[in-house]
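Letter by letter, the chains look like this.
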Amino acid sequence: MESKDKTTPTPAEHSPFTVLRSSSPGSGRPRETGNGERETEVPGVAHSPFTVLNSPSPGDSRPRETENGKRETDSICPGKLGKQELLEAREKLAGSTGPEYWRSLEELAGSEEFRRAVQREFPKGASEWLDPVSRRGFMKLMGASLALAGLTSCVQQPVEPIVPYVRQPEEVVLGVPLYYATAMTLNGYAYPQLVTSHEGRPTKIDGNPQHPGCLGGSDVFSQAAVLGLYDPDRAETNLYQGEIQAWLSFLGAIRAQVAAQRVLRGAGLRFLTPTVSSPTLAWQLRAILQAFPEAKWYQWEPVNRDYVRAGAQMAFGQYVETRYNLLEADIIVCLDAEIFSPHFPGNHIYARQFAARRKADSSLVPITDVLNHPLPIRPMNRLYSLESTPGMVTAKSDHHLALPPSELERYTRLIATRLGISAGGGQPRNSYEAKWIDGLLRDLQAHRGASAVIAGDTQPPVVHALAHAINEQLGNIGKTVIYTDPVEQNPADQTAGLKELVADMKAGKVDLLIMTDVNPVYDAPADLDFLGALQKVSGKIYHGLYLNETAPYCDWFVLGTHYLEHWSDGRSFDGTAGIVQPLIAPMYGGKSMHEVLNAFTNNPDRSGYDTVRRYWRTQVPGSDADFEAWWRQSVHDGFIANSTLPAKPVKVKLAALPSETPAGQGIELVLRPDPSVYDGRYANNGWLQELPKPMSKLTWDNALLVGPAMAKHLSLQYGDVVEIQTPDSRKVVGAVWVHPGQPDNTAATCFGYGRTRSGRTGNGAGFDTYPLRTSARPYAVPGVTLRKTGQQYKLITTQGAQDMENRHVVRAAALNQYQADPEFALRMESEPTGPETLYPKYDYTGYAWGMSIDLNACVGCNACIIACQAENNIPVVGKQEVARGRHMHWIRVDSYYQGDPANPRVFFQPVPCMQCENAPCEVVCPVGATTHSTEGLNDQVYNRCVGTRYCSNNCPYKVRRFNFFLFQDWNTPQLKMARNPEVTIRSRGVMEKCTYCVQRITKGRIKAEEEDRQVRDYEIQTACQQACPAGAIVFGNINDRNSRVAKLKEQPLNYGLLADLNTRPRTTYQAMVFNPNPEIPEPTEQEG
Amino acid sequence: MAEVREGEIMNVQHGRPAVLLPGHDYGTITDKISGIVFSAHTPIAWWFAFFPALALIGLLGIAATYLFYQGVGIWGIEIPVAWGFAIINFVWWIGIGHAGTLISAILLLLKQSWRNSINRFAEAMTLFAVMCAGMYPIFHLGRPWLAYWLFPYPNTMTVWPQFRSPLVWDVFAVSTYFTISLLFWYTGLVPDLATLRDSARNRWAKMIYGMLALGWRGSARHWKRYESAYLFLAGLATPLVLSVHTVVSFDFSIAILPGWHATIFPPYFVAGAVFSGFAMVLILAIPIRRVYGLQDVITMRHLDNCAKVMLATGLIVAYGYFAEVFFSWYGANPYEKYITWNRAHGPYAAVYWATILCNVAIPQLLWLRKVRFSPVRLFFVSLVVLMGMWFERVMIVVISLHHDFLPSSWGIYIPTRWDWAIFFGTIGFFLAAFLLFIRLLPMISIFEMRHLVRETTEEAKLL
């Protein structure tokens, strides 16, 4: 049909729509959608009729060669519709009363052309319609009719002239996403990101693969930030005492106060910000402080790095930033350092460096970065962990010791003393721990210059100071441990600062307090009584995204911006500076922190963009043109080249250590930031609320974690509500979770819950632990008492059982076992060798997609879960539904305990769909809604699914998820914007599942076909793979012998989960090999 | 007509109670059975059963409406236990529906004339039970409005059902079974409908029964055609009795799930179905003969025979339980081993032991003559068996699903009030339909009883 000449009458059996479709070369290609259906894209009609009216082919205004070789402009072109005709149309409309009907502008204008068209159109064989070229005619009618809607009484259109997509913005091709580099700031550190934008809507956030401090890895907070942008509970207006106000009225109101403060040299002016690493913001604040010499700027993060700073002060007499090179570290000792947690600076790169050194033997396939550059294989590292509450590091460690906080400090002293640093520390508690410490010390001494001792942010300064001293003693500095200048702009003791501020507030010295993006009413230390102090301040301005616990107590609420809405900058953990560029205009017209600060200068209306550029102009020498090029490059890359902070030579000069904290004061309470909602700022993020915690798989709540022995001793059960009382009589009521590995005589809990004004999602989830926290003891409170209230609270977990029941689910062996038998994992289970199936064998001749998950590399950080949720439009179901086993995650990370409950070994296992070649789900579907693709994918056809759920019953991996209700939010407009347009939104009663991100596969395949080549290895990455900071997930074509996934599957460690069922899973696992110190006995041998 | 007291064993022939007590001739039989239909007086017990049944239908309506409005999430099902009450009750009702056709078809072919007194209402019971069962697969679907996609109908999408799935086999098995059962029941009704037409005095009754009687005049040709059609349908229905529950058992045994994936399932399911079906026959027959004074027509012989069938099939079911345990040990499959252990010791252990108690232990009482010959005791044993078979389905569906291969995805299933509402709702539907049947149609085959009168009187003459 495409070769038909224009003049040949086309037979009537072709419908106009067929013509329409086939005559559009290139852009009318059927496209595979997420649900396996083929959908035909009709250019112009489906997207924007306006485009067609003025520009014949979207994205290309050149006249195009049509099928019959004629120039398109020869045919009837809507572009010919001149101004004259429009004028005629208007006149005609003006002259008529009552409704007028027309089919096109031509009719309205009474054009001759139209009359001809009408004559040909209907009575005689409808030749116009059937002619391929006069698709243009159809377009014209459509376009003109719709355009005319604007000429008439359409109420939706603003009075001002609006500009349609006459010419598309440069770079924007409808349906093709764009990627922008930007950065998120958390605790003062910039997290470099690459954000996917669909037609101006950011939909997906990943790590910036080019950034030296990230390597493309991601974390749960970064992944979930996109939902934060579209949070329907964000504030939408500026408020003055509850009344809606314009930004200009704020500016007006503030000028008077600023003028008053100018007279007072800013004596009553105070700023409270989060930790600032943004050079521009610091530049602005310093300028303001210059203009108001007596004004003060404080920073407050509830989970701050005061102890880190104090520890550095103690060791070096100055604050330095510490970063590590774990690629060089044979021995890593974590002193409660949660190096894989998303809030630990540098966690992305540490996870990957750690994983790179977890290869049992040099013949194995190395870990790569996101751009597929292999990281070198070196002898396997060994991770020691001393912790007060088990976390991801515990799970990955080869040896771990669970200790109460006071003991942890003592053991650090002990290790330091034994290495020749006089720090006291006494003796180990028992013979097992003595052997443990001896083994660790010998290991450290045997690997001088190739070990790293890392202290956690929540550890007291002395532990940090000793860690620095130990690292120096072992010769690690400059090799595995690097010191640099501070990354933050104004390193200061934040707790002391806040105390000072509160004292000033109470003393009535503060006239004007500007708080931006902090929430001290909720999270300030309980002994400060911030709220009481706040009420003594006359002028209170709150700038932020939410009307949170603090905002209602302030006079002014100034609407803030999400980081995807504003220009800014920041420094990542290694000091690399980066520009934060907005992906979207402020959704509710908020103002960035830079713009609010400008209100205190003589340029109150200067934009954030101007401010950031102005600052950097002062930093970049050369002409304006040079700056322009530099700016473009830096914004494009997301970071400023060569801005990584260089190593700083420092020497440990240990100050006098504080006296030892006495041990054994009853139950010690351990307080930690939450792995999902952090300090509470993410409480309203549904993805994070529903995210199972790494170890316990708890969702929607925090809990009081107690060890199994102590639970038995105190007769505590899961869900028992207890009253926690600190020695200074602070009380909080929370629910108990019995947590294997939680050290005896301790109880651990997290911040961030029990919020009252976070929004619909976060309000009422969990219990608020901040009331227990004082400025003196922010992370560990000794001498706590627990009292059972007799009440019960329902705690929800997504994992029903965490014992492997002697099934070979996670296969693991020690390094020496591996060396004796590299194929140990395969020997654990007999896999069927032949094609034992009734159905004919299928040969996958083209691509055969497969996945390999390295259990040794997986640190259990959950980034894959949120990445999958963002990519595949997975709904949040809420606590009640999770309680009924109805969470929707397509990939989950199982955690299993093994061994002594007091001191277990923990395994993480990410489980996406296995894409079985003999998929049990497929044979049982009565309507064929789940079928196998020619590339080996187990596809789910959502609109064919009737919801018998038989497939889920027959899935041994239970990776299928069912929409028991209409879980998707079809109404909230903000959430509509958050969705990935390439993936179907599933409705009620439909089964859904992981498809290896089939939309990404299809996109990659189409691109390869266009370029007439095979898909390259690593060209297509699944969302989970892309997000994984450790590089544990590898996806690719297993028919390509040279692909990484194929090589991984050749490894002796490769095994299929439940492969004995003859499911022939395409997702396979690399068995775990751990590297224990032979001198340290197994924890189970400890008894007696 | 003889007055008969409950439990009295009269006219013992060859040591067994008679199929029909003496004193009946053609006229009395006809009057007695059609009198129940034509009587202006409805027994008070009927109303006592009918009103609660109607209330339960109302409950079913509410529950189904809410279900269609909200989705299957209103039930307790979840991942991993994605099948719950809907499938349990489907299998249970289908099982109950087995007795009718078995009695009618197989016993007809085996020339067991004692079936004549109970076949009619047993068949009706089958139809209503299959109707109840048939509702569940539709309720059960995530998108019930697309239920017709399970049928192979020509459509513009040119897609067919997926014939490898046992759920599609179910569609055929159940719909065929229902169709044949309906035809068989109706064919058997035709001569009696003519009898009713002839004796009805009410004009409307005359017309309706007349239409339903399809012009039956009782000519020899009619009888000849009738006999061959009835026999033919019996022949058709006989394999269906075995096939339906075999296919239903495939829903489970085709799957790879431990606890489902077992070759014993087809015979074990069929036996279980007959077991529960006969229990239901007894549960219905015992009050009916009491309320309507039908002890001379439905005699102790019938109850005894039904009890014996129950005992026999119950033993097959017990063997099935034993075989499952044996295979899980002998097969040395860790998952099968675990599920057997879990049934007896896991969170649903009570269900397992209730099953064993109700289906294996208590039915052994049926060895005792004094249990078989006591309608009250028999009634309670039957009730226990019916409950036991329901527990068995819970055991198969829920226990197998809730702990399968990967401990990480283990879960627990707790039925919600909506699960129960629909279950009780279908019981209400069943009862109401059955009560209407006994009120409006002859619940015992009149002409076959007349046949029996001749046989018994001839026997008596011979004695």
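The rules behind these values
- Residues numbered from 1 in each chain as written.
- Chains lettered and ligands numbered in written order.
- Predicted model: local features only at pLDDT ≥ 70, side-chain atom pairs only at ≥ 80, totals over all residues.
- Heavy atoms only, no water.
- Pairing = 2+ DSSP bridges.
- Helix = DSSP H or I, 4+ residues; strand = E, 2+ residues; numbered from the N terminus.
- Axes fitted to C-alpha atoms, helices over the stretch in contact; angles between N-to-C directions.
- Contact = heavy atoms within 4.5 Å.
- Buried area = accessible area lost by both parts, 1.4 Å probe.
- Salt bridge = Lys/Arg side-chain N within 4 Å of Asp/Glu carboxyl O.
- Polar contact = N/O pair within 3.5 Å; in protein donor to acceptor, adjacent residues only side chain to side chain.
- Nonpolar A, V, L, I, M, F, W, Y, C, P; charged D, E, K, R; others polar.
- Parallel < 35°, antiparallel > 145°, perpendicular 65-115°, else oblique.
- Left-handed = near helix turned anticlockwise from the far one by under 90°.
- pLDDT = per-residue confidence, 0-100.
- 1 Å grid on protein atoms, 1.4 Å probe; cavity = no way out; pocket = protein on both sides within 12 Å on 5 of 7 lines; lining within 4 Å.
- Points joined across faces, edges and corners; volume = space filled by probe spheres on them.
- Patch = residues over 30% accessible without salt bridge, like charges linked within 9 Å, V, L, I, M, F, W, Y side chains within 5 Å.
- Areas by Shrake-Rupley, 256 points an atom, 1.4 Å probe, with all protein chains shown as cover.
- Buried < 20%, exposed > 50% of the residue type's maximum accessible area, 1.4 Å probe, protein only.
- Phe/Tyr/Trp six-rings, centres within 6.5 Å; stacked < 30°, edge-to-face > 60°.
- Expected span 1.5 Å × (residues − 1).

Draft legend 1. Up close: the sheet that holds strand β9 (residues 296-299) of chain A. Residues and elements named next belong to chain A. Taken together, seven strands build an open sheet; the order of strands is β7-β6-β18-β17-β16-β8-β9 and the sheet is mixed. Pairing within the sheet leaves two strands with one partner each, and these edge strands are β7 (243-245) and β9. Sheet twist, expressed as the mean angle between neighbouring strand axes with direction ignored, is 20 degrees. Bridging between strand β8 (residues 269-273) and β9 involves four bridges; their strand directions are parallel. Note on β9: the bridge partner recorded for phenylalanine 271 is tryptophan 297. Against the sheet, helix α10 (residues 279-291) touches β8 and β9, its axis set at about 145 degrees to β9. Helix α17 (residues 494-506) rests against β8, β9 and β16 (512-516) of the sheet, and its axis sits at about 130 degrees to β9.

Draft legend 2. Inspection of the interface of chain B and chain A at higher detail. Taken together, the contact between chain B and chain A spans 54 residues of the former and 53 residues of the latter. Counting each side, the surface lost to burial between chain B and chain A is near 4,300 Å², with a carbon and sulfur contribution of 56%. If you sort the residues of chain B by the area they bury against chain A, B:Ile79, B:Leu406 and B:Ser408 come out on top, with a joint share of 17%. At the junction of chain B and chain A, the tally comes to one salt bridge. One salt bridge connects B:Asp404 with A:Lys958, and the closest N-O pair in it is separated by 2.9 Å. Counting every contact that joins chain B to chain A gives 35 residue pairs in polar contact (both at pLDDT 80 or more). Within the residue set of the side of chain B that touches chain A, elements represented by two or more residues are α2 (44-70), α6 (166-199), α8 (220-253) and α11 (334-345) of chain B. Residue contributions to the side of chain B that touches chain A peak at four residues, all from α2(B). Among the residues making up the side of chain B that touches chain A, the classes are represented as 38 nonpolar, eleven polar and five charged.

Draft legend 3. The packing of α2(B) against helix α15 (residues 417-440) of chain B, seen in detail. All names here are of chain B. Two elements in contact, α2 and α15, have axes whose closest approach is 7 Å; the angle formed by their N-to-C orientations is 140 degrees. With respect to their mutual orientation, α2 and α15 come out oblique. When the axes of α2 and α15 are compared, the crossing they make is left-handed. Class assignment for the residues of the contact of α2 with α15 results in 23 nonpolar, three polar and one charged.

Draft legend 4. Layout of the confidence of the model for chain B. With 95% of its residues at a pLDDT of 70 or more, chain B has an overall mean of 89. The low-confidence segment residues 1-10 of chain B (pLDDT under 50) makes 18 contacts with residues lying over four places distant or belonging to another chain.

Draft legend 5. Region of the structure containing the confidence of the model for chain A. All names here are of chain A. Overall, the predicted model of chain A reaches an average pLDDT of 84, with 83% of residues at or above 70. Within chain A, the lowest mean pLDDT, 36, falls on helix α2 (residues 49-54), and the highest, 96, falls on strand β30 (residues 849-854). Per-residue pLDDT stays below 50 along residues 1-82; that stretch engages in 122 contacts with residues further than four places along the chain or on separate chains. Within the model, the stretch residues 98-106 combines pLDDT values under 50 with 23 contacts to residues more than four positions away or in other chains.

Draft legend 6. Spotlight on the sheet that holds strand β4 (residues 189-198) of chain A. Residues and elements named next belong to chain A. In space, the three strands of this open sheet follow the order β3-β4-β5, with antiparallel pairing throughout. Looking at strand neighbours, the two that pair on one side only are β3 (178-186) and β5 (201-207), the edges of this open sheet. Across the sheet, the axes of successive neighbouring strands diverge by a mean angle of 35 degrees, strand direction being ignored. Bridge count for β3 against β4 is nine bridges, and the pairing is antiparallel. Opposite leucine 178, over in β4, you have serine 197 as the bridge partner.

Draft legend 7. Empty space enclosed by the protein, seen in detail. Residues and elements named next belong to chain A. A volume near 380 Å³ is recorded for the second largest cavity. Counting only elements with at least two residues in the lining of the second largest cavity, the list comes to β12 (382-387), α13 (392-396) and β26 (746-750). Residue composition of the lining of the second largest cavity, grouped by class: 13 nonpolar, ten polar and six charged.

Draft legend 8. View of a nonpolar patch on the surface. Residues and elements named next belong to chain B. Where nonpolar side chains cluster on the molecular surface, the patch consists of Tyr319, Phe322, Phe326, Phe327, Trp329 and Tyr330 and spans about 760 Å² of accessible area. Its location among the elements puts phenylalanine 326 in helix α10 (residues 300-330). With a relative accessible area of 33%, phenylalanine 326 lands in the partly exposed category.

Draft legend 9. Main features of the packing of aromatic side chains. Residue and element names in this part refer to chain B. The tally for this structure, following the rule as stated, stands at 91 aromatic pairs over all chains. With centroids separated by 4.6 Å and ring planes inclined at 35 degrees, the aromatic side chains of tyrosine 66 and tryptophan 418 adopt a geometry described as tilted. Here tryptophan 418 lies in helix α15 and tyrosine 66 lies in helix α2, a separation of 352 residues in the sequence. Measuring from centroid to centroid gives 5.1 Å for tyrosine 352 and tryptophan 353, while their planes differ by 80 degrees, and the two rings are edge-to-face. Residue tyrosine 352 is classed as buried on the basis of its relative accessible area of 10%.

Draft legend 10. How the structure looks around the environment of A:Pro673. Residue and element names in this part refer to chain A. Relative to the helices and strands, proline 673 is located in the loop between β21 (667-672) and α23 (686-689). In this structure the C-alpha to C-alpha distance between proline 673 and proline 302, which are 371 residues apart in sequence, comes to 8.9 Å. What proline 673 contacts, discounting residues up to four positions off in sequence, is Val303, His343, Thr458, Tyr678, Cys750 and Phe751.

Draft legend 11. Structural context of α10(A). Over its 13 residues, α10(A) runs 18 Å from end to end, which matches the ideal 18 Å to within 8%, given 1.5 Å per residue. Buried residues of α10(A): A:Pro279, A:Thr280, A:Leu281, A:Ala282, A:Gln284, A:Leu285 and A:Ile288, and no others.

Draft legend 12. Focus on α10(B). Under the 1.5 Å per step criterion, the end-to-end length of α10(B) is 44 Å for 31 residues, consistent within 8% with the ideal 45 Å. At the C-terminal side of α10(B), B:Ala332 shows a positive phi close to 55 degrees.

Draft legend 13. The arrangement of the pattern of salt bridges in detail. Residue and element names in this part refer to chain A. Going through the model one piece at a time under the given rule, you end up with 56 salt bridges over all chains. The salt bridge partner of aspartate 306 is arginine 309, with a shortest N-O separation of 2.7 Å. In this pair, aspartate 306 and arginine 309 both sit in helix α11 (residues 306-316), three residues apart, roughly one turn of the helix. Taking the relative accessible area as the measure of exposure, aspartate 306 reaches 8% and is therefore buried.

Draft legend 14. Spotlight on the pairing of strand β24 (residues 720-725) of chain A. Residue and element names in this part refer to chain A. The buried count for β24 comes to five of six residues, which makes it a mostly enclosed element. Sheet analysis places β24 next to strand β27 (residues 780-792), joined by five bridges and oriented antiparallel. Along β27, the bridge assignment pairs isoleucine 724 with leucine 786. Here β24 pairs with strand β25 (residues 731-738) via five bridges, running antiparallel. Each bridged residue has a counterpart across the sheet, and for valine 722 the counterpart in β25 is glycine 734.

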